[in-house]
Amino acid sequence: LRLGPFKLEHLSADPPVGIFRDFFSEEECRAIVSRGRGNIKSTPFQVGGRTEYYTSQRISKRIHLRSDEFKNGMSSSRRIRLATQWTVDREPGDSDEYNIINYGLGGQIEVHVDYWNKNNKRQGGARIATFLGYLTEVESGGRTVFPGLEISVVPEKGSALFWYTLNNFEDYDSRMFHMGCPVLTGNKWVFTKWVYSDAQMWSHKCSRHPGNFAPFRNQ
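Starting afresh in each chain, residues are numbered from 1 along the sequence in its written order. Given that the model is predicted, a residue must reach a pLDDT of at least 70 before its local features are reported, and side-chain atom pairs must reach 80 or more before they are shown or counted; all residues, however, enter totals for whole chains, interfaces and linings. Note that water and hydrogens are dropped before the side-chain values are worked out from all heavy atoms of the structure.

*Asks:* I'm lost on the pattern of salt bridges in this one. Help?
*Replies:* Close approach of charged atoms allows side chains with opposite charge to pair. Throughout this description, the term salt bridge denotes a Lys or Arg side-chain nitrogen within 4 Å of a carboxyl oxygen of Asp or Glu. Counted according to the given criterion, the structure contains 13 salt bridges. With its nearest N and O atoms 3.2 Å apart, the salt bridge here joins R21 to E156. Residue R21 is found in strand β2 (residues 16–21), and its partner E156 is found in the loop between β13 (151–153) and β14 (160–164); the two are separated by 135 residues along the sequence. The buried label applies to any residue whose accessible area, calculated with a 1.4 Å probe on protein chains only, is under 20% of its type's maximum; exposed applies above 50%, and partly exposed to all values in between. Among the residues examined, E156 registers a relative accessible area of 28% and is labelled partly exposed. Between R175 and D173 there is a salt bridge whose closest N-O contact spans 2.8 Å. Counted as one network, the salt bridges with shared partners bring together E9, R21 and E156. For helices the rule is a DSSP run of H or I covering at least 4 residues; for strands it is a run of E covering at least 2, with both sets numbered from the N terminus onward.

In structure tokens:
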């Protein structure tokens, strides 16, 4: 059984940014939040080469889990693979573990880019793309904003935002700096998967000329 096409809305073609509507069901969102609730800890943040756990730059709590450590992990990875043609679950280095993240009142993360530089690669290559699932609505605040692209996304329960951080030469695009705005009212839960480059060689082939990866087919 192949699911598709998905409810895909392109927010930017250059560089590619898009959102899948109704990607996770109400029951899946509730189950993932329940898995994180009571198990999350303060999110670390790199400040001047040091790891800090309580900073003004990032106010959140999280837990990271392998896809086999919670009920919806395996099905989520399969669905991401079907929707994007990204290889996320063939080998351990294809992607990071899932992060279940909570931003409470005032929770936010300042402008940053999801990039490991060429001297800081890990198993699996360079961090090439981000998949961000919204698990709750937020009464006020909590938007995901790309200032350089003038894109502002309201958290919508069950939707999933995605973007490419690198081009096909593994250079990061400065327009991909983004931020999570402070939560003014309510409680924001999200679900992230970071994807790495090496395993994408079959579905997102390299080019002799620098530029964006070719957009995937929504089938």
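*Asks:* What exactly am I supposed to notice about the packing of aromatic side chains here?
*Replies:* Describing an aromatic ring pair means giving the distance of the ring centres and the angle of the ring planes. Aromatic contacts are taken between Phe, Tyr and Trp rings whose centres are within 6.5 Å, Trp giving its six-membered ring; a plane angle under 30 degrees counts as stacked, one over 60 as edge-to-face, and the others as tilted. Inspection of the entire model under this criterion finds 15 aromatic pairs. Taken together, the ring pairs connect F6, F20, F23, F24, F70, W86, Y98, F131, F162, Y164 and F191 into an aromatic cluster. Any Lys NZ or Arg CZ that is within 6 Å of a ring centre and within 35 degrees of that ring's normal is treated as a charge sitting over the ring. Here R127 stacks its cationic end above the ring of W194, 4.3 Å away from the centre of that ring. The ring of Y103 carries K188 above its face, with NZ or CZ at 4.9 Å from the centroid.

*Asks:* Just checking my understanding: could you explain the side chain of T144 for this structure?
*Replies:* With respect to the helices, strands and loops of the structure, T144 is situated in strand β12 (residues 144–146). Take T144: its relative accessible area is 3%, and that puts it in the buried class. Only 2.7 Å separates the side chain of T144 from the side chain of Y134, close enough to count as a polar contact. By definition, residues are in contact when any of their heavy atoms lie within 4.5 Å. Contact partners of T144, with chain neighbours within four places excluded, come to L132, Y134, I151, S152, V153, L161, M179 and K188. Pairs of N or O atoms within 3.5 Å make up the polar contacts considered here, provided that, within protein, one atom can donate a hydrogen while the other can accept it, and that residues adjacent in sequence are counted only when both atoms are side-chain atoms.

*Asks:* I'm lost on the pairing of strand β17 (residues 188–196) in this one. Help?
*Replies:* In summary, the side chains of a regular strand alternate between the two faces of the sheet. Across the nine residues of β17, nine count as buried, placing the element largely inside the fold. Looking at chain direction, strand β8 (residues 98–103) and β17 are connected through five bridges and run antiparallel. Bridge pairing in β17 links N99 to T192. For two strands to pair, DSSP has to find at least two bridges joining them. Two elements, strand β10 (residues 127–134) and β17, share seven bridges in a ladder whose sense is antiparallel. Directly across from G133, in β17, lies its bridge partner F191.

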